[in-house]
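Working through the structure, step by step
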Amino acid sequence: MTIPGAPGPPGGTGPTSGGDGGDSPAPPSSTPPTSRPRPSPSTGTTPGTPAVLDIGTPRREPDDERRWCEKVTVTFTNTGGRPVTDGTVTFGTHIIGPLGTDWATLTSSEPLPVPIDPGRAREKTWTVCVDAWRVPPGMRVETRDVSVKWT
């Protein structure tokens, strides 16, 4: 027996009144509302979240004319929900001796290749150099470290 005005079965299925089609309100939904943004189907990112920049592994190529320089290619992927609009790339270039000894690490900075939209990647190649006098004959450079700051 169903009592008019009594709640129906759990989960919100079934009548809330004696079947008379009266003006009884519908039961509340059993699914709680979510305040979490949902990923965008086209980019796999979450709209409204801050930019998140993934740095790919640097690819290095020697500069054939200058032992104190090398070409460094890096891919940046924005996995966040907002575009990257400004930033700086910092390279850590190691001075390597003839026997493999790491003598020093020097840093240099360049502008980030912006904008990088959500779900997109940008690749750029820089020629990274140190002062020529720091790399005597028989020594070489290796740009091993890459870090970024962005907004």
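In case you missed it, the structure is sitting above this.
Below is a summary of the structure that appears in this document. What you are looking at is a predicted structure, and each value in this text was computed from that prediction instead of being measured.

1. Describing the overall build of the protein
- When helices and strands are tallied, the protein shows zero helices and seven strands.
- Secondary structure elements in the protein, listed N-terminal to C-terminal, are β-β-β-β-β-β-β.
- Within the protein, residue pairs in contact and separated by at least 24 positions form 65% of the contacts whose partners lie at least 6 positions apart.
- About 9,900 Å² of surface is accessible on the protein, with carbon and sulfur atoms providing 53% of the total.

2. Focus: the sheet that holds strand β4 (residues 87-96)
- One open sheet holds the three strands; their spatial order is β5-β4-β7, and the pairing between them is antiparallel. The two strands at the open ends of the sheet, each matched to only one other strand, are β5 (102-111) and β7 (140-150). Mean inter-strand twist for the sheet, computed between neighbouring axes without regard to direction, equals 20°.

3. A few points about the pattern of salt bridges
- In the structure shown here, the tally under the stated rule is seven salt bridges.
- Residues Arg144 and Asp102 are paired through a salt bridge, measuring 3.4 Å at the closest nitrogen-oxygen approach. Of the two residues, Arg144 sits in strand β7 while Asp102 sits in strand β5, which places them 42 residues apart along the sequence.
- Here Arg134 makes a salt bridge to Asp131, at a shortest N to O gap of 3.6 Å.
- Taking relative accessible area as the criterion, Asp131 reaches 42% and is therefore assigned partly exposed.

4. Comments concerning the nonpolar core
- Grouped together as the largest cluster of nonpolar side chains are 14 residues, with contacts concentrated most on Leu53, Val74, Phe76, Val89, Phe91, Leu112 and Trp126.
- Where this core is concerned, the elements lending two or more residues are β3 (69-78), β4, β6 (121-129) and β7.
- Sequence-distant contacts of Val89, that is, excluding residues within four places in its chain, are made with Phe76, Ser108, Ser109, Glu110, Pro111, Leu112, Trp126, Val146, Ser147 and Val148.
- In terms of nonpolar packing, the next biggest core, distinct from the first, is built from five residues, Val130, Val135, Met139 and Val141 among them.

5. Looking at the environment of Val84
- Counting through the fold element by element, Val84 comes out in the loop between β3 and β4.
- C-alpha of Val84 to C-alpha of Trp150: the two residues are 66 residues apart in sequence and 6.6 Å apart in space.
- Leave out the neighbours within four places in its chain, and Val84 touches Ala51, Leu53, Asn78, Leu112, Val114, Pro115, Ile116, Trp150 and Thr151.

Rules of the game
Residues numbered from 1 in each chain as written. Predicted model: local features only at pLDDT ≥ 70, side-chain atom pairs only at ≥ 80, totals over all residues. Heavy atoms only, no water. Helix = DSSP H or I, 4+ residues; strand = E, 2+ residues; numbered from the N terminus. Contact = heavy atoms within 4.5 Å. Areas by Shrake-Rupley, 256 points an atom, 1.4 Å probe, with all protein chains shown as cover. Pairing = 2+ DSSP bridges. Axes fitted to C-alpha atoms, helices over the stretch in contact; angles between N-to-C directions. Salt bridge = Lys/Arg side-chain N within 4 Å of Asp/Glu carboxyl O. Buried < 20%, exposed > 50% of the residue type's maximum accessible area, 1.4 Å probe, protein only. Core = buried A, V, L, I, M, F, W, Y, C linked by side-chain atoms within 4.5 Å.

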